[in-house]
Amino acid sequence: MPPPRRAALGLLPLLLLLLLPPAPEAANKPTPCQRCRGLVDKFNQGMVDTAKKNFGGGNTAWEEKTLSKYEFSEIRLLEILEGLCEGSDFECNQMLEAQEEHLEAWWLQLKNEYPDLFEWFCVKTLKVCCLPGTYGPDCLECQGGSQRPCSGNGHCSGDGSRQGDGSCRCHVGYQGPLCADCMDGYFSSLRNETHSFCTACDESCKTCLGPTNRDCGECEVGWVLEEGACVDVDECVAETPPCSAAQFCKNVNGSYTCEDVDECSLAEKACVRKNENCYNTPGSYVCVCPDGFEETEDACVPPAEADVTEESATQPPVHEDL
């Protein structure tokens, strides 16, 4: 049955394309709200750029009269619209073409009644955005209210968009449904009916009621409570050393590290035979005679004079690290 097999193989590339993850540009594609906000931002910038255009100096009374006509004119509107989108920005031009009548209506008839173009255009007319502090299809208030969502200590899911669920994602140091509580490692430095601030504990504290090592409720790992304060435990002086004999212990802020001892750099030579080279290795070292030297029990013996070439006599031997 060759024909059916060829048909199945022909569908394989299509199936693979459907299973592939979306391209990065598709994943980063702006939302309808972002596109609307971007268009409004450019429109507002166009209003700034065209304010009092071609005026300055001369007959002030004439300019004010003429400027008043230009300020709300269709000529100024066209100048703003022409500068909104780059020629290559397909989505911007597509949105502008679809919504140009709305923008014209706002400019000529509704600007005084609704001075905030974003609220009128994106929130109330197109209904692709919400006002700050609200979220979702019905623009409900975020957790904690629209004025200070998440107590000002977090981000409201969907804030300002028609998406999300209004829940709080707390900033570092805060927790709780309204981000009003402090995480372990932080203490409440200010709290009243409207504000809550959390400040980091001293590094020695796992929990605390204040900023110093004497305010700890519980000491952090590597610290111990002594005379009312959490102090650093020096594991390196413990009865049972945490590092091996070939390592030295280094205490650093409540913790320790075991670093390799370079026996080859010690004052007392590790390799004692004459002419012997010392090479450090993790946790140990090795003693090796230079290339061409003969190894004996007491020394590394140079080659016989007759076997020494002119090059080896004038250049030091080359050593390779192990």
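Because the structure is a prediction, the values reported are computed rather than measured.

Reading the values: the criteria
- Residues numbered from 1 in each chain as written.
- Predicted model: local features only at pLDDT ≥ 70, side-chain atom pairs only at ≥ 80, totals over all residues.
- Heavy atoms only, no water.
- Helix = DSSP H or I, 4+ residues; strand = E, 2+ residues; numbered from the N terminus.
- Contact = heavy atoms within 4.5 Å.
- Phe/Tyr/Trp six-rings, centres within 6.5 Å; stacked < 30°, edge-to-face > 60°.
- Buried < 20%, exposed > 50% of the residue type's maximum accessible area, 1.4 Å probe, protein only.
- Core = buried A, V, L, I, M, F, W, Y, C linked by side-chain atoms within 4.5 Å.
- Salt bridge = Lys/Arg side-chain N within 4 Å of Asp/Glu carboxyl O.
- Expected span 1.5 Å × (residues − 1).
- Arc of directions from axis to C-beta.
- Bend = angle between axes of the 7 residues up to and from the residue.
- Axes fitted to C-alpha atoms, helices over the stretch in contact; angles between N-to-C directions.
- Parallel < 35°, antiparallel > 145°, perpendicular 65-115°, else oblique.
- Left-handed = near helix turned anticlockwise from the far one by under 90°.
- Nonpolar A, V, L, I, M, F, W, Y, C, P; charged D, E, K, R; others polar.
- Patch = residues over 30% accessible without salt bridge, like charges linked within 9 Å, V, L, I, M, F, W, Y side chains within 5 Å.
- Areas by Shrake-Rupley, 256 points an atom, 1.4 Å probe, with all protein chains shown as cover.
- Lys, Arg positive; Asp, Glu negative; His and termini not counted.
- Charge placed at Lys NZ, Arg CZ, Asp CG, Glu CD.

(A) Quick look at the environment of G217. Along the chain, G217 falls in strand β10 (residues 216-219). Spatially, the C-alpha atoms of G217 and C230 are 9.5 Å apart, while their sequence positions differ by 13 residues. In this structure, G217 is in contact with T207 and C208, ignoring residues within four places of it in sequence.

(B) Layout of the packing of aromatic side chains. Within this structure, the stated rule accounts for 3 aromatic pairs. For the ring pair F43 and W106, a centre distance of 5.9 Å and an interplane angle of 80° mean the geometry is edge-to-face. Of this pair, F43 sits in helix α3 (residues 32-50) while W106 sits in helix α6 (residues 90-110); the two residues are 63 residues apart in sequence, bridging distant segments of the chain. Residue classification places F43 among the buried residues on the basis of a relative accessible area of 1%. For W106, a relative accessible area of 1% puts it in the buried group. Aromatic side chains F43 and W107 sit 6.1 Å apart centroid to centroid with 65° between the ring planes, which places their arrangement in the edge-to-face category. Separated by 64 residues along the polypeptide, F43 in helix α3 and W107 in helix α6 bring together distant segments of the chain. Grouping residues by exposure puts F43 and W107 together as buried.

(C) Quick peek at the nonpolar core. Ranked by internal contacts, the top residues of the largest apolar core, which has 24 residues, are L39, F43, L84, L103, L117 and F121. Of all the secondary structure elements, the ones that give two or more residues to this core are α3, α5 (74-82), α6 and α7 (117-125). If you look at the next biggest cluster of nonpolar residues, it comprises 9 residues, including Y135, C142, C156 and C198.

(D) How the structure looks around the pattern of salt bridges. Overall, the coordinates contain 6 salt bridges when judged by the stated rule. Residues participating in the shared-partner salt-bridge network are R273, E276 and E295.

(E) Main features of α3. Helix length check: α3, at 19 residues, gives a terminal C-alpha distance of 27 Å against a target of 27 Å (1.5 Å per residue), a fit within 8%. Those residues of α3 not exposed but buried are C33, C36, L39, V40, F43, G46, M47 and T50. For α3, the buried positions fall inside an angular range of 150° around the axis, keeping them on one side. Exposed side of α3, more than 90 degrees from the buried face: V48 and D49 are the residues found there.

(F) Inspection of α6 at higher detail. Under the 1.5 Å per step criterion, the end-to-end length of α6 is 28 Å for 21 residues, consistent within 8% with the ideal 30 Å. Roughly 60° is the biggest bend found in α6, and it falls at Q99. Those residues of α6 that fall on the buried side of the exposure criterion are C92, M95, L96, Q99, L103, W106 and W107.

(G) Representation of the packing of α3 against α7. Where α3 meets α7, the closest approach of the two axes is 10 Å, and the angle between their N-to-C directions is 155°. Judged by the angle between their axes, α3 and α7 are roughly antiparallel. Every pair of crossing elements has a handedness; the one defined by α3 and α7 is right-handed. Listed contacts from α7 to C36, R37, L39, V40, F43 and N44 of α3 are L117, F118, F121 and C122. In the contact of α3 with α7, the residues fall into 8 nonpolar, 1 polar and 1 charged.

(H) Looking closely at a negative patch on the surface. A cluster of like negative charges, contributed by E74, E97, E100, E101 and E104, occupies part of the molecular surface. Among the secondary structure elements, E74 is positioned in helix α5.

(I) Just the environment of V233, in detail. Tracing the chain through its elements places V233 in the loop between β12 (229-232) and β13 (247-252). On the accessibility criterion, V233 (30% relative accessible area) is partly exposed. The spacing of V233 and S255 is 22 residues in sequence and 7.8 Å in space, taken between C-alpha atoms.

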